[in-house]
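An overview of the molecular structure
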Amino acid sequence: MPTLVAPQATIEEYKNVTAESLVGWVSPSLLETARAKSLQAEFGGIPDADDISDEAEMRRVKLLNAQASSYLLGLVQQQPKPAQMLIYSEVAAKYLPELVRLWRERPQAQNAAAELLNTTTTTAYFVRYMRSPAAAGLVGMQAKRIAEQFDTIATYTADDVASLGQFLSTLLLLQGDEEVETRDKEILVRRMPEWQTKYPGRLAKEVAERCLGIFREEQMMMFMTGQMKKMLSASLEKCGGPGCTKMTRQDGTELLQCSRCKSAVYCSVEHQKAAWASHKKICFSPAF
Ligand SMILES: [Zn+2]
Ligand SMILES: [Zn+2]
């Protein structure tokens, strides 16, 4: 398989990265409408939409990562950090149900849809979706795939393993491990220590520790993941007003929800207005 190196991104190039151009690598039918067609030529073609072989899926993952990393490189050069949240919020708001459908449909543990979803996990949209009935069984499904494909995954790069483990750990901290089948959990608890040995000092080791800590219900890890869950859920549970930490309105009733995105809450109309200048950048009408 040819290797793909992320192109040297210029500021101009990274401006062409849109929600559509990222989603386009996952679902080629969406790429038709994307502005990133030039990249298609640069990388010498993409797999057909109906090709769901392991090789085609891995190629989609690499193409997606090449573009996403060129985008991130552009961000580092220009340093507008919130811009990162902006594009991933847009991806999540508009394409989450479609990406989850593709993730369920394609059998590989590492598939392009899961890879792109992994970049959206810090958005309120992802957290809200994961609480909905539509997200039932996702953590169990991903844990099963990793357990069953462990030997294949052993041939991946440390970065690919890290990305897989990171996504699973986020699913576990948001949904818990109750839906993970006992047999799959046993395999993961037995084999994930291999990542700890194989990737010292790397993210892959760290995420293995996180997953194992949750499976084994280690006190320290349960505390840490509890804090991370709180952080990820903050904009759904805590007033988004500047410096405000209220979790109910003045009269004790539920916080007011942003009517457009349904993914931000406020204790008062005043605080909603005060937050609007920054919130409007990540406020999209969601597809769910
Ligand atoms: Zn407030
Ligand atoms: Zn909103």
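Note that the coordinates shown come from a computational prediction; the quantities given were computed from them, not determined experimentally. (Residues numbered from 1 in each chain as written. Chains lettered and ligands numbered in written order. Predicted model: local features only at pLDDT ≥ 70, side-chain atom pairs only at ≥ 80, totals over all residues. Heavy atoms only, no water.)

As a further point, take the confidence of the model for the protein. Averaged over all residues, the pLDDT of the protein equals 85, while 81% of them reach at least 70. Every residue in residues 1–13 scores below 50 in pLDDT, and together they form 22 contacts with partners more than four places removed in sequence or on other chains. Contacts of residues 31–36 to residues separated by more than four positions or lying in other chains number twelve contacts, the stretch itself having pLDDT below 50. (pLDDT = per-residue confidence, 0-100. Contact = heavy atoms within 4.5 Å.)

Further remarks concern the pattern of salt bridges. Taken as a whole, this structure holds 16 salt bridges when the rule is applied. A salt bridge links Arg 106 to Glu 57; its shortest N-O distance comes to 3.2 Å. Placement of the pair is Arg 106 in the loop between α6 (82–105) and α7 (112–119) and Glu 57 in helix α5 (residues 54–78), with a sequence separation of 49 residues. Here Arg 106 matches Glu 57 in class, with each residue buried. (Salt bridge = Lys/Arg side-chain N within 4 Å of Asp/Glu carboxyl O. Helix = DSSP H or I, 4+ residues; strand = E, 2+ residues; numbered from the N terminus. Buried < 20%, exposed > 50% of the residue type's maximum accessible area, 1.4 Å probe, protein only.)

Summarising the metal site, the zinc ion (ligand 1) is bound by the protein donors Cys 239 (SG), Cys 244 (SG), Cys 267 (SG) and His 271 (ND1), whose distances to it range over 2.0 to 2.4 Å. Read from N- to C-terminus, the donor residues coordinating the zinc ion (ligand 1) fall into the pattern C-x4-C-x22-C-x3-H. Of this pair, Cys 239 sits in the loop between α15 (219–237) and β1 (256–257) while His 271 sits in helix α16 (residues 269–279), placing them 32 residues apart in sequence. Residue His 271 is classed as partly exposed on the basis of its relative accessible area of 23%. (Donors = N, O, S within 2.8 Å, 3.2 Å for Na, K, Ca; no water.)

Next up on the list: the coordination of the zinc ion (ligand 2). At this site the zinc ion (ligand 2) is bound by Cys 258 (SG), Cys 261 (SG), His 279 (NE2) and Cys 283 (SG), with donor distances of 2.1 to 2.4 Å. Its four donor atoms give the zinc ion (ligand 2) angles of 104 to 117° at the centre, a pattern that matches the tetrahedral case. Along the chain, the residues that donate to the zinc ion (ligand 2) are spaced as C-x2-C-x17-H-x3-C. Of this pair, Cys 258 sits in the loop between β1 and β2 (265–266) while His 279 sits in helix α16; the two residues are 21 residues apart in sequence, bridging distant segments of the chain. When sorted by exposure, Cys 258 lands in the same class as His 279, which is buried. (Tetrahedral: all angles 85-135°; square planar, octahedral: opposite > 155°, others 65-115°.)

The full count for this structure, using the stated rule, is four aromatic pairs. Ring centres 6.5 Å apart and planes at 50° place the aromatic pair Phe 126 and Phe 167 in the tilted group. With Phe 126 in helix α8 (residues 124–130) and Phe 167 in helix α11 (residues 158–175), this pair connects stretches of sequence that are 41 residues apart. Judged on exposure class, the residue Phe 126 and its partner Phe 167 are both buried. Arranged with centres 5.3 Å apart and planes meeting at 90°, the rings of Tyr 129 and Phe 288 form a pair that is edge-to-face. Of the two residues, Tyr 129 is situated in helix α8 and Phe 288 in the segment after α16; the sequence distance between them amounts to 159 residues. By relative accessible area, which is 6% here, Tyr 129 ends up buried. (Phe/Tyr/Trp six-rings, centres within 6.5 Å; stacked < 30°, edge-to-face > 60°.)

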